[in-house]
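The lines below spell out each chain.
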Amino acid sequence: MFDIPLTEQECQQDVMRHVQRWIDVLEERIIALLQANEPHTLKPGERELAVNRHLVLVLRLLQLRQQYAGKNQPDDTQATMLETILHGIDE
């Protein structure tokens with residue numbers, strides 16, 4: 001049976017566990033893709049596309065983890081830098 005979080009702290013911890021699981025799955029997928037393919041045989045555009053997709057996912061998951069960690073929120077400089085990176089990758 002599922003344990004339903006009752007308090008805000010339990011909800012945050014639950015979200016953190018789920019986000020960490022997704023980060024682990026994504027890292028495993030990256031490793032599996034590298035082992036199944038030879039990156040040097042891919043066209044440069046294909047490599048760039050694969051890297052960009054995974055970077056965007058990792059960055060967004062790390063943002064979620066930071067958001068629900070309940071620790072220090074990023075200052076304006078960090079937030080601006082992260083948004084610049086994400087905006088550049090999304091294009």
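Refer to the structure presented above.
Residues numbered from 1 in each chain as written. Predicted model: local features only at pLDDT ≥ 70, side-chain atom pairs only at ≥ 80, totals over all residues. Heavy atoms only, no water.

Observations concerning the overall build of the protein chain
A tally of regular secondary structure across the protein chain gives three helices and zero strands. The linear arrangement of helices and strands in the protein chain, starting from the amino end, is α-α-α. Expressed as a percentage of its 91 residues, the buried residues of the protein chain come to 10%. The contacts of the protein chain with a sequence gap of at least 6 include a subset with a gap of at least 24, amounting to 68%. Looking at the protein chain as shown, the accessible area adds up to about 7700 Å², and 58% of this sits on carbon and sulfur atoms. (Helix = DSSP H or I, 4+ residues; strand = E, 2+ residues; numbered from the N terminus. Buried < 20%, exposed > 50% of the residue type's maximum accessible area, 1.4 Å probe, protein only. Contact = heavy atoms within 4.5 Å. Areas by Shrake-Rupley, 256 points an atom, 1.4 Å probe, with all protein chains shown as cover.)

Looking at the layout of surface pockets
By volume, the largest pocket amounts to about 410 Å³. In terms of lining residues, the largest pocket is bounded by 16 residues, among which Leu33, Arg47, Ala50, Val51 and His54 are the most central. Every element with two or more residues in the lining of the largest pocket is listed here: α1 (8-36) and α2 (44-69). The greatest single-element share of the lining of the largest pocket, amounting to nine residues, is contributed by α2. When the residues that make up the lining of the largest pocket are grouped by side-chain class, the tally is 10 nonpolar, two polar and four charged. (1 Å grid on protein atoms, 1.4 Å probe; cavity = no way out; pocket = protein on both sides within 12 Å on 5 of 7 lines; lining within 4 Å. Points joined across faces, edges and corners; volume = space filled by probe spheres on them. Nonpolar A, V, L, I, M, F, W, Y, C, P; charged D, E, K, R; others polar.)

As for α2
Side chains three or four residues apart in an α-helix point the same way, a direct result of the helix having 3.6 residues per turn. In this model, α2 (26 residues) spans 37 Å end to end at C-alpha, consistent with the 38 Å of a helix rising 1.5 Å per residue. For α2, the complete set of buried residues consists of His54, Val56, Leu59 and Leu61. (Expected span 1.5 Å × (residues − 1).)

Here's the deal with the side chain of His54
Position of His54 relative to the elements: it lies in helix α2. Given the relative accessible area of 13%, His54 is considered buried. A distance of 2.8 Å separates a polar side-chain atom of His54 from the backbone oxygen of Ala50. With residues up to four places along the chain from it excluded, the contact list for His54 reads Leu26, Arg29, Ile30 and Leu33. (Polar contact = N/O pair within 3.5 Å; in protein donor to acceptor, adjacent residues only side chain to side chain.)

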